[in-house]
Amino acid sequence: ATKQPYKQVKSMMNLTTKITSSAFHPSGQLLAYASNQRKDLLKLVHLPSRAVLSQWPTSRTPLGKVETMAFSPGGGYLAIGNAGGHVLLYQIDNFGAA
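What this report covers is the structure whose coordinates are included nearby.

Parameters at a glance
- Residues numbered from 1 in each chain as written.
- Predicted model: local features only at pLDDT ≥ 70, side-chain atom pairs only at ≥ 80, totals over all residues.
- Heavy atoms only, no water.
- Helix = DSSP H or I, 4+ residues; strand = E, 2+ residues; numbered from the N terminus.
- Polar contact = N/O pair within 3.5 Å; in protein donor to acceptor, adjacent residues only side chain to side chain.
- Pairing = 2+ DSSP bridges.
- Axes fitted to C-alpha atoms, helices over the stretch in contact; angles between N-to-C directions.
- Patch = residues over 30% accessible without salt bridge, like charges linked within 9 Å, V, L, I, M, F, W, Y side chains within 5 Å.
- Areas by Shrake-Rupley, 256 points an atom, 1.4 Å probe, with all protein chains shown as cover.
- Salt bridge = Lys/Arg side-chain N within 4 Å of Asp/Glu carboxyl O.
- Lys, Arg positive; Asp, Glu negative; His and termini not counted.
- Charge placed at Lys NZ, Arg CZ, Asp CG, Glu CD.
- Buried < 20%, exposed > 50% of the residue type's maximum accessible area, 1.4 Å probe, protein only.

### As for the environment of T17
(1) Moving on: Here T17 lies in the segment before strand 1 (21-24).
(2) Moving on: Residues T17 and P57, 40 residues apart in the sequence, show an inter-C-alpha distance of 17 Å.
(3) Moving on: At a separation of 2.7 Å, a polar atom in the side chain of T17 contacts the side chain of S35.

Set out below in structure tokens:
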């Protein structure tokens, strides 16, 4: 029996469309993933607890169709580029300096 070098630890099934972008927070504590198939489809996962965060984004967060995203090097901001040609900048509290 050969031991597998990689082990799946969690499967996030929160989006029903294909995932088109993802980004790890510099601290390694967050994973952001999104789909450009419909508007406002972005999720954040707290990796140590493996929990999908429900407090943000909410149904009232106007993201549009997310095409790309990146955390700032210090981890204090998340930049989101959408299909409408806008870059949205959000401050991410408690996960790094700006």
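### Points about the sheet that holds strand 7 (residues 87-91)
(1) Moving on: The 3 strands are arranged 5-6-7 in an open sheet whose pairing can be described as antiparallel. Either end of the sheet is taken by a strand with one partner, and the two such strands are strand 5 (66-71) and strand 7. Neighbouring strand axes in the sheet, compared pairwise and without regard to direction, differ in orientation by 20° on average.
(2) Moving on: Summarising the sheet, strand 5 and strand 6 (residues 77-82) pair through 5 bridges and their orientation is antiparallel.

### A word on a positive patch on the surface
(1) Moving on: A contiguous patch of positive charge, built from K3, K7, K10 and R50, is present on the exposed surface.
(2) Moving on: Relative to the assigned elements, K10 resides in the segment before strand 1.
(3) Moving on: The exposure class assigned to K10 is partly exposed, which follows from its relative accessible area of 40%.

### Topic: the sheet that holds strand 3 (residues 42-46)
(1) Moving on: The strand order across the open sheet formed by 4 strands is 1-2-3-4, and the pairing between neighbours is antiparallel. In this open sheet, the two edge strands, each paired with only one partner strand, are strand 1 and strand 4 (51-52).
(2) Moving on: Pairing of strand 1 with strand 2 (residues 30-34) involves 4 bridges; the strand directions are antiparallel. Bridged to S22 within strand 2 is Y33.

### Some points on the environment of S22
(1) Moving on: Of note, S22 is situated in strand 1.
(2) Moving on: Along the primary structure S22 and L44 are separated by 22 residues, whereas in three dimensions their C-alpha atoms are 9.7 Å apart.

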